[in-house]
Amino acid sequence: MRLLLIEDDAETAAFIDEALRGQAHELQLAVDGRDGLICAVGGGWEVIIVDRMLPALDGLSIVRTLRATGSQVPVLFLTTLDGIDDRVEGLNAGADDYLVKPFAMAELIARIAALGRRRERTSTVTHLRVADLEMDLLDRSVRRAAEPVMLQPREFRLLEHLMRHEGEVLTRTMLLERVWDFHFDPNTNIVESHVSRLRDKLGRHRPELIHTVRGSGYMLRAPDRV
Amino acid sequence: MSDTTAEAVAGRGRARRLIGSSLFRLMLLYAGLFSLSVMVLFVVIGITTDGFMTRQIDATVANEVAEVRADAGGDDPVRLRDVVHGLVQTSPGFYYLLQDRTGHVLAGNMSAIHPTPGQRSLERSHRQYASARDAPLLGDGVILPDGSYLFVGSSAGARREMRLSLLRAFAWSLGIIVMLGLGGGLLMSMLVLRRIEAISRAIRTIMGGNLSQRIPVGGSDDEFDHLSDGLNRMLDRIETLVGSMRQISNDIAHDLRTPLTRLRQRLELAHRDATGALAEQLDAALTYLDGILATFTSLLRISQIEARIREEDFTDVALTPLVQTLIEAYGPTAEAQQQTLTADLRDDLMVRGDSHLLTQLLANLVENALRHTPVGSHVSIGGTRCTGGIVVTVADDGPGIPADQHDFVLGRFARLDASRSTPGSGLGLSLVKAVAGLHGASLELMDNQPGLLCQLLFRKP
Ligand SMILES: Nc1ncnc2c1ncn2[C@@H]1O[C@H](COP(=O)(O)OP(=O)(O)OP(=O)(O)O)[C@@H](O)[C@H]1O
Ligand SMILES: [Mg+2]
C-alpha cells in the first residue's frame, strides 16, 4: 500500500517507517503540516496517517482542506490528544479512524489494513461465506457445514465483523469500538469471552476458523488447505 | 394545558413573585414607617394648635371680664346688670352670666352655674338655647365683693372644628400615602424584578454550559449595571481559568505522552528482537507501561469531565438499548463466574446526556458488581420513572460497602482492604461520580441487604 505519514516527531516517524516497510507498505514522510497537505492533495495514497499537532498547519486543518477538495482517501489520526471531545472533533473533521499515542504497532498496522481495504468492500452483500461457514444477513442465520448455529445478537455482530474482514487482524480495541460501541478500555475480558463462546458454538472439534494473533487480536480465516 | 390557562398560571406566578419579592416587602415597610411618622406629625400639630387656641380663648375671655367690670365702672350689681344686658345684644361671640349670691341669674344668656372663680371649661352647655351639637364653653369667672358671680365664656367650637379638619386631613394623607406606597412598591418591584430576572436568566444559561454568554448591561450605569459588570468580569476570569485548565491538561497530555510514546516504541522494538528471559521481562514491562497509561488516561479523563459544563452536545439517550448492550457484553463474564446479570427496565426511559460516557458509567458499576462479589452472586440493573425524574440502579448481593466507607470509595484511588488482591486502580467510582455530576444526576450508594446498591437519579430538566 502507498501510505503518507505526516508526523513531526522523528523518532516516532522512524519507528513507524521501519515497521510498515516490514509489512511491504510504501511510506512517504512529511515532517510539517504544510508539506503534509501538499503531499496529501497530490494524491495517489491509499491511507494517510496524520498527527494532530504539527508545525505550520495542524492536522485538523489538513484533513478539512483535503476533504474540501473532494478527496475520499482514508485518513487516520495518530495523536497524543485524548480529550473527551478530541476524538469526536477528529472524526467530524473528516478522518476515518482515531488512534491515540502511545500505541502498539500491531494496533496501527491492523487499523491501516482495515482502512486500506475498506473501499474494496461493497456493503450491499447479503451473504457471507468463509470455508464451510455461511452467514445470511437477511434472515440473520448462520450455518456451519450446513448445520444451523444459534447465536445471540452480539455474537452475530461479532462474527459478521470477523467474516467481513476475513484474513485481516482485528484488534481487541477495534472490536470493542465496532461491535459494542465501547470507546473506553473495560477492565473485563469482554472480547475474549465472546470469542471463546463463538468458537464453542462454531464447533471446537472442527477446524478452527477464528485465530488468535498473538499480541494483536483475532482473525477469521479459512483453514489452510493442504 | 391550553394557552390561556398557561398564561394565567404564568401571570399568577409572576404576581406571586412580585408580591413575594424582597423589594416589595421593603416598600411596604417603608410606607408603614412613613404613615407612622405622618401620624406623629399630625398628633404634634394637633396638640400645639389646640393649646394655642385654648390659650387664645382664655386670654380673650379674661380680657372681656375685665372690660365688663371697667364698663360698669366698678362692681355695682345694677350697673353690671345693665352692661351685661347691653353686651348680650351687641357681642354675639360671647356668653355672659351675672348671678347673685343665691344663684339667681341677674343678666346674661346662660343658666346658673356653680360660682367657681378663675378660668374654667364647661363641658355641659349652660347657654340659654342649648343644642346637643354645641361645643363646650371656655370662660373666666369672678366672685364680686357682694358675693354675686360674673362669668364670660366663649365657645370652643372653633377648636373642635380645627381638630376635626386636622383629623380629616390626616385620614386623607394616610390613604394617599398607603396607595402611593403600594402602587410605587409594585411598580418599583416590577422594574427591579425585571432586571434581576434578566440577570438570573443569563446566569442560568451560563450554568447550562455556555461559558461565553455574558449578562446584559443596561447602559444606565446604575447599581445593576455595576453588579452585571462585576459578574461579567468574574465570568471572564472563570472562562480563562477553565480555558487554561483545559490547556494545562492538554499540555500534560501532550508533554507526557510524547516521551511515553517513545518509551513504548523502544520497548516494543527491543521486545521484537529479544528472546527468552529478556523477552519475558520486556513483555512484563510493556504490560506495566500500558497499566500506567490506562491510569493516566482515566485520571485525565475524570478531571476533564469534572471541569466540563458543556451540555450543548448532549443528546437524548435511550437507556434500554444501552443497558441491553451492557448485559450482552458482560453476560459471558458473569456466566463464567456463575453470577447472574439481569435487567429490569421500563423501555421508554430517556436521559439527556453523552451516550459514550453513560455507557462507561454503567459499565463501571456492572464491572464492580461482578468483580467485588463472590461466585454465585446476582447482579441486576433497574430503571424506573419517579416523581423526581428517572432512577437507575445497579445492585448486587455481595459483601457490599460499609456505610461509613460510602464517601471514601468515591474518591480517587480509593479501594477497600478486601479488594487489594483484585485488579483495579480505584478510579472506577470516581469516574462514575464525575459522569453523574456532568449529567446533573445524584449518585447514592446504599445497603442492598446484603450487597451494594448504586442509585442514580436523573432529575427532570
Ligand atoms: N459492588 C461492590 N461490592 C463491594 N465492594 C465494592 C463494590 N463496588 C466497589 N466496591 C469497593 O469500592 C472500591 C472502589 O471501587 P472503584 O470502582 O472505584 O475501583 P476498583 O473497582 O477497585 O478499580 P477500577 O479503577 O478498576 O474500577 C473497590 O475497590 C471495592 O473495594
Ligand atoms: Mg471498579
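Refer to the structure presented above.
Throughout this description, residue numbers start from 1 for each chain and increase along the sequence as written. Throughout, the order in which chains and ligands are written sets their labels, letters from A for the former and numbers from 1 for the latter. With the structure being a predicted model, the display of local features is reserved for residues of pLDDT at least 70 and the display and counting of side-chain atom pairs for 80 or more, all residues being used for whole-chain, interface and lining totals. Processing note: side-chain calculations cover all non-hydrogen atoms of the structure and skip hydrogens and water entirely.

Draft legend 1. Up close: the overall build of chain B. A run of DSSP states H or I qualifies as a helix once it reaches four residues; a run of E qualifies as a strand once it reaches two. Both are numbered from the N-terminal end. A count of helical and extended segments in chain B gives ten helices and twelve strands. Note on method: radius of gyration uses C-alpha positions; expected globular size equals 2.2 Å times residues raised to 0.38. A compact globule built from 461 residues should have a C-alpha radius of gyration of about 23 Å, whereas chain B, at 48 Å, is more than 25% larger. When its C-alpha atoms are laid out on the principal axes, chain B stretches across 160 × 50 × 50 Å. A 1.4 Å probe rolled over the protein chains alone gives each residue an accessible area, and that area as a share of the maximum for its type sets the label: buried under 20%, exposed over 50%, partly exposed in between. Counting the 461 residues in chain B, one finds 40% classified as buried. Only heavy atoms matter for contacts: two residues are in contact if any of them lie within 4.5 Å across the pair. Sequence-distant contacts, at least 24 apart, represent 61% of the contacts inside chain B between residues at least 6 apart.

Draft legend 2. Main features of the nonpolar core. Of all hydrophobic cores here, the largest spans 83 residues; its most connected members are Leu159(A), Trp180(A), Phe182(A), Leu220(A), Tyr330(B), Leu362(B) and Leu456(B). Looking at which element gives the most residues to this core, the answer is helix 8 (residues 355-371) of chain B, with nine residues. Not counting residues within four places of it along the chain, the set of residues in contact with Leu456(B) comprises Leu361(B), Leu362(B), Leu365(B), Ile390(B), Val391(B), Val392(B), Ala436(B), Ser442(B) and Leu443(B). In this description, a nonpolar core means a group of buried Ala, Val, Leu, Ile, Met, Phe, Trp, Tyr and Cys residues linked to one another through side-chain atoms lying within 4.5 Å. Of all hydrophobic cores here, the second largest spans 21 residues; its members include Ile6(A), Cys39(A), Val50(A) and Ala93(A).

Draft legend 3. How the structure looks around the site of ligand 1. Residue and element names in this part refer to chain B. The near set for a molecule or strand comprises every residue that places at least one heavy atom within 4 Å of it. The full set close to ligand 1 counts 20 residues, and Asn368, Asp396, Arg415, Ser419 and Leu429 are the nearest of them. Backbone polar atom of glycine 428 to an oxygen atom of ligand 1: 3.1 Å apart, as the coordinates give it. Within the complex, 96% of the 590 Å² of free accessible area of ligand 1 lies under protein. For this scheme, ten residues count as nonpolar: Ala, Val, Leu, Ile, Met, Phe, Trp, Tyr, Cys and Pro. Four count as charged, namely Asp, Glu, Lys and Arg, and the remainder, Gly too, count as polar. Split by residue class, the shell around ligand 1 holds eight nonpolar, nine polar and three charged. Here a polar contact is taken to be a pair of N or O atoms separated by no more than 3.5 Å, where protein atoms must pair a possible hydrogen donor with a possible acceptor and residues adjacent in sequence count only if both atoms sit in side chains. Surface accessibility follows the Shrake-Rupley procedure with a 1.4 Å probe radius. Residue values consider only the protein chains on display as shielding.

Draft legend 4. Spatial organisation of the interface of chain A and chain B. At the interface, 32 residues of chain A touch 36 residues of chain B. What counts as buried area is the accessible surface, traced by a 1.4 Å probe, that two parts surrender upon association, with contributions from both included. Regarding the contact of chain A and chain B, the summed buried area is about 3300 Å², with carbon and sulfur atoms giving 54% of it. When residues of chain A are sorted by the area they lose upon contact with chain B, Ile84(A), Pro102(A) and Phe184(A) head the list and together hold 20% of the total. Salt bridge criterion: a side-chain nitrogen from Lys or Arg within 4 Å of a carboxyl oxygen from Asp or Glu. The interface formed by chain A and chain B contains six salt bridges. A salt bridge links Asp82(A) to Arg257(B); its shortest N-O distance comes to 3.2 Å. Secondary-structure elements contributing two or more residues to the side of chain A that touches chain B are helix 1 (10-22), helix 5 (105-118), helix 6 (153-164) and helix 8 (190-202) of chain A. Of the residues belonging to the side of chain A that touches chain B, the class tally is 15 nonpolar, eight polar and nine charged.

Draft legend 5. View of the sheet that holds strand 2 (residues 105-108) of chain B. All names here are of chain B. With antiparallel pairing, the five strands of this open sheet are ordered in space as 2-1-5-4-3. One side of each edge strand has no neighbouring strand; the edge strands of this open sheet are strand 2 and strand 3 (118-122). If you compare each strand with its neighbour and ignore which way they point, the axes differ by 20° on average. The pairing criterion for strands is at least two bridges between them, as found by DSSP. Two strands pair when backbone bridges link them, and strand 1 (residues 94-99) and strand 5 (residues 149-155) are joined in this way by six bridges, in the antiparallel orientation. Residue tyrosine 95 lies in a different strand from strand 5, and its bridge partner there is glycine 153. Each axis is a line fitted through C-alpha atoms, taken for helices only over the stretch in contact, and angles between the N-to-C directions span 0 to 180 degrees.

Draft legend 6. Structural context of the packing of aromatic side chains. The rule is short: rings of Phe, Tyr and Trp, with Trp giving its six-membered ring, pair when the centres are within 6.5 Å, and they are stacked under 30 degrees, edge-to-face over 60, tilted in between. Across all of its chains, the model carries six aromatic pairs over all chains by this definition. Aromatic side chains Phe182(A) and Phe184(A) sit 5.0 Å apart centroid to centroid with 25° between the ring planes, which places their arrangement in the stacked category. Using a relative accessible area of 1% as the deciding quantity, one classes Phe182(A) as buried. Considering the side-chain rings of Tyr30(B) and Phe34(B), the 6.4 Å spacing of their centres and the 25° angle between planes classify their relative orientation as stacked. One end of the pair, Tyr30(B), and the other, Phe34(B), are both in helix 2 (residues 22-71), four residues apart, so they sit about a helical turn from each other. Residue class for Tyr30(B) comes out exposed when judged on its relative accessible area of 55%. On the basis of relative accessibility, which here comes to 41%, the residue Phe34(B) falls in the partly exposed class.

Draft legend 7. A look at the pattern of salt bridges. Under the counting rule described, the total for this entry stands at 41 salt bridges over all chains. Residue Arg52(A) pairs with Glu89(A) through a salt bridge whose shortest N-O separation is 3.0 Å. Here Glu89(A) lies in helix 4 (residues 86-92) and Arg52(A) lies in the loop between strand 3 (47-50) and helix 3 (59-68), a separation of 37 residues in the sequence. Overall, the relative accessible area of 8% leaves Arg52(A) in the buried class. The partner of Asp348(B) in a salt bridge is Arg346(B), with the nearest N and O atoms 3.2 Å apart. Given the relative accessible area of 38%, Asp348(B) is considered partly exposed. Each of the salt bridges in this network shares a partner with another, and the network as a whole consists of Arg87(A), Asp97(A), Glu107(A), Arg111(A), Glu177(A) and Arg178(A).

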